[in-house]
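# A look at the structure
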Amino acid sequence: MSISLMARPGAGLAWAAALAFIGATLTGCDQPTPQDGETADSILQSSAQETALEHAAKHLDPTYICPMHPNIVQDHPGTCPICGMDLVEKRMTPKPAQPQVDAHPEVALSGAMVQSLGVRTAEVERGALRREVRAVGRVAYDETRLAHIHPRAAGWIEGLSLRAEGEPVTKGQALADLYAPDILSAQVDFLLALEQPGSGARRVAPDKARNLLRLLGVPEGVIREIEKTGQTRNTIPVEAPANGIVTRIMAREGMYVTPETEMFTIAALTEVWVLVDVFEHQLAWVAPGMSAEMQVPAYPGRTWKGKVDYLYPDLDPKTRTLRVRLVFSNPQRALKPNMFADVVIAGGPKPDVLKIPRDALIVTGERESVVKALGDGRFQPVDVVTGMASDGQIEVLSGLAAGDAIVVSGQFLIDSESSLQASFRRMR
């Protein structure tokens, strides 16, 4: 028995709908079934109108929540255990994927606009970059050249050659006359030791008596004079042990002094210290023996050359800086203690670094970027990671390559325009 599919018009569509229904039943997928009064044509039209997104939403697992208590969520129908209301089905509709927006879109400018903005470009290049540390320092006395003068025996100051602090002195210059009973007694013993013995032996050897006078601070010239004349001296001079400037006078004429009394302080200014504070991130660039240059506001245009002498062992916990000591020669005594100084510590050059002009860098606090010139009036901001900076150049660790063209003038306006375009695209 044969069945003709062309019995009437539209029979093919009816058989197609029937076959689709049988296939859907066999595969377990819910397909539209003919209802009362529906034809196969209406079923196919409604199926064609259904979108893929709606079809996927039908097959998502339903979620049932309470209208009054949204925290009550179940995967099956039921009632709310709190208020007793029937749970309402809520189907989760998948969200369409959001288009990605470039954070730094390109900016196209006409030739006239480029001229109006004064846009200038430079090329990213490789080369050596000098390590430099710039700091503000303070001139100080060289503490290894300070001399503190104390009497070796208690006594009285009978005469004072100095009248005020700041006076220059030379080595061996008499500063004061001191009368000390112990020194006078040592002179008598020295003269007795020099006498020829009579019936008995000498009480003290001359060398021992002479050495006792040296230990009491009696100058060699005075000892020879006592030995030559055979007479004691009531006062002995207190001499300067080195050339320098008298920075402190504690002794006055007629004052009683003891070995604990500091009578004078003398500082040599032929060399001075300069103390500078170096930031923590620059410590790797500084080492003893490096050369340094210094300028002071008192002498514009004049430069002193010195070297790094010592790095102190601890950082300042408040400023996070390390104190570094520099040594500078000062033969003319032009450098005065407590002067402020601008110091540049020059380290060795760092070879083969990728560097750009510092004017090209845009620093916002959250990112560092430059504007890259793409050609044909097109520009685009690019985020970079920078390293050390020196002589108006800055090192680039990532984000650029050698030969890239970057904007060194007018880049801020181009970066602002790119940020505005990115904001508008995100709004759309």
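Model, not experiment: these values are computed from the prediction.

### Here's the deal with the sheet that holds strand S1 (residues 63–65)
Across the sheet, 3 strands lie side by side as S2-S1-S3; this open sheet has antiparallel pairing. Of all the strands in the sheet, just strand S2 (73–74) and strand S3 (88–90) have a single pairing partner and so form its edges. Bridging between S1 and S3 involves 3 bridges; their strand directions are antiparallel. The partner of Thr63 across the bridge, within S3, is Lys90.

### Section: the pairing of strand S21 (residues 368–375)
Two elements, strand S20 (residues 362–363) and S21, share 2 bridges in a ladder whose sense is antiparallel. Each bridged residue has a counterpart across the sheet, and for Val363 the counterpart in S21 is Glu368. Taking the residues between adjacent antiparallel strands as the criterion, S20 and S21 are bridged by 4 residues, where Gly365 takes a positive phi near 100 degrees. Where S21 and strand S22 (residues 378–383) come together, 6 bridges link them in antiparallel fashion. Within S22, the position partnered with Gly375 by the bridge is Arg378. In this antiparallel pair of consecutive strands, S21 and S22, the connection spans 2 residues, and Asp376 shows a positive phi of 60 degrees.

### Looking at helix H6 (residues 206–215)
Along an α-helix, a turn takes 3.6 residues, which lines up residues three or four apart on a common side. Every buried residue of H6 is accounted for by Pro206, Ala209, Arg210 and Leu213. Along the axis of H6, the buried residues cluster in a sector spanning 100 degrees; they form a single face. The exposed residues of H6 that point more than 90 degrees off its buried face are Asp207, Lys208 and Leu215. Buried positions along H6 lie against helix H5 (181–194) and helix H7 (220–229).

### Re the environment of Tyr179
In this structure, Tyr179 sits in strand S10 (residues 174–179). Expressed as a C-alpha distance, the spacing of Tyr179 and Asn234, which sit 55 residues apart in the sequence, is 6.0 Å. Excluding anything up to four places from it in sequence, Tyr179 contacts Ala154, Gly155, Trp156, Glu158, Leu184, Asn234 and Thr235.

### A short note on the packing of aromatic side chains
Evaluation of the coordinates by the stated rule reveals 4 aromatic pairs. With a centroid separation of 5.2 Å and an interplanar angle of 75 degrees, the aromatic rings of Tyr310 and Tyr312 are classed as edge-to-face. With relative accessibility at 36%, the residue Tyr310 sits in the partly exposed group. A relative accessible area of 25% means that Tyr312 is categorised as partly exposed. Members of the aromatic cluster, connected to one another through ring pairs, are Trp156, Tyr179 and Tyr256. Stacked on the ring of Tyr299, the Lys or Arg Arg302 has its end atom at 5.8 Å from the ring centre.

### As for the nonpolar core
Ranked by internal contacts, the top residues of the largest apolar core, which has 29 residues, are Val276, Leu326, Phe328 and Ile345. At the level of secondary structure, the elements contributing two or more residues to this core comprise strand S6 (125–141), strand S15 (271–279), strand S16 (291–295), strand S17 (304–315), strand S18 (321–329) and strand S19 (340–357). Apart from residues no more than four positions distant in its own chain, Leu326 is found in contact with Val272, Trp273, Val274, Val276, Ala292, Lys307, Val308, Asp309, Val343 and Ile345. Counting residues in each nonpolar core, the second largest holds 18 residues, with Leu175, Ala251, Val257 and Ile266 among its members.

### Quick notes on the sheet that holds strand S12 (residues 244–249)
Taking strand neighbours across the sheet as the criterion, the 4 strands line up as S7-S14-S12-S9 in an open arrangement whose pairing is antiparallel. Every interior strand has two partners, whereas the edge strands, strand S7 (146–149) and strand S9 (168–169), have only one. Where S7 and strand S14 (residues 264–267) come together, 4 bridges link them in antiparallel fashion. Paired with Leu146 across the two strands is Ala267, which belongs to S14.

### A few points about a nonpolar patch on the surface
Side chains of Leu420, Phe424 and Met427 sit close together on the surface and give an oily, nonpolar patch of about 360 Å² of accessible area. Counting through the fold element by element, Met427 comes out in helix H8 (residues 411–427). Here Met427 falls in the exposed class, since its relative accessible area comes to 69%.

### Examining the layout of surface pockets
Approximately 400 Å³ is the volume found for the largest pocket. Taken together, 21 residues line the largest pocket, and the ones lying closest to its centre are Ile149, Arg152, Gly217, Val238 and Glu239. Counting residues per element, the ones that place at least two in the lining of the largest pocket are S7 and strand S11 (236–239). When residues in the lining of the largest pocket are grouped by element, the largest group, 4 residues, is from S11. Partitioned by chemical class, the residues of the lining of the largest pocket number 13 nonpolar, 4 polar and 4 charged.

### Some points on the pairing of S12
Moving residue by residue along a regular strand, the side chains alternate between the two faces of the sheet. Direction of pairing for S9 relative to S12: antiparallel, over a ladder of 2 bridges. Bridge pairing in S12 places Val169 opposite Gly244. Where S12 lies against S14, 4 bridges are found, and the strand directions are antiparallel. When the sheet's bridge partners are listed, Arg248 is paired in S14 with Thr265.

Cut-offs and rules
Residues numbered from 1 in each chain as written. Predicted model: local features only at pLDDT ≥ 70, side-chain atom pairs only at ≥ 80, totals over all residues. Heavy atoms only, no water. Pairing = 2+ DSSP bridges. Helix = DSSP H or I, 4+ residues; strand = E, 2+ residues; numbered from the N terminus. Buried < 20%, exposed > 50% of the residue type's maximum accessible area, 1.4 Å probe, protein only. Arc of directions from axis to C-beta. Contact = heavy atoms within 4.5 Å. Phe/Tyr/Trp six-rings, centres within 6.5 Å; stacked < 30°, edge-to-face > 60°. Lys NZ or Arg CZ within 6 Å of the ring centre and 35° of its normal. Core = buried A, V, L, I, M, F, W, Y, C linked by side-chain atoms within 4.5 Å. Patch = residues over 30% accessible without salt bridge, like charges linked within 9 Å, V, L, I, M, F, W, Y side chains within 5 Å. Areas by Shrake-Rupley, 256 points an atom, 1.4 Å probe, with all protein chains shown as cover. Salt bridge = Lys/Arg side-chain N within 4 Å of Asp/Glu carboxyl O. 1 Å grid on protein atoms, 1.4 Å probe; cavity = no way out; pocket = protein on both sides within 12 Å on 5 of 7 lines; lining within 4 Å. Points joined across faces, edges and corners; volume = space filled by probe spheres on them. Nonpolar A, V, L, I, M, F, W, Y, C, P; charged D, E, K, R; others polar.

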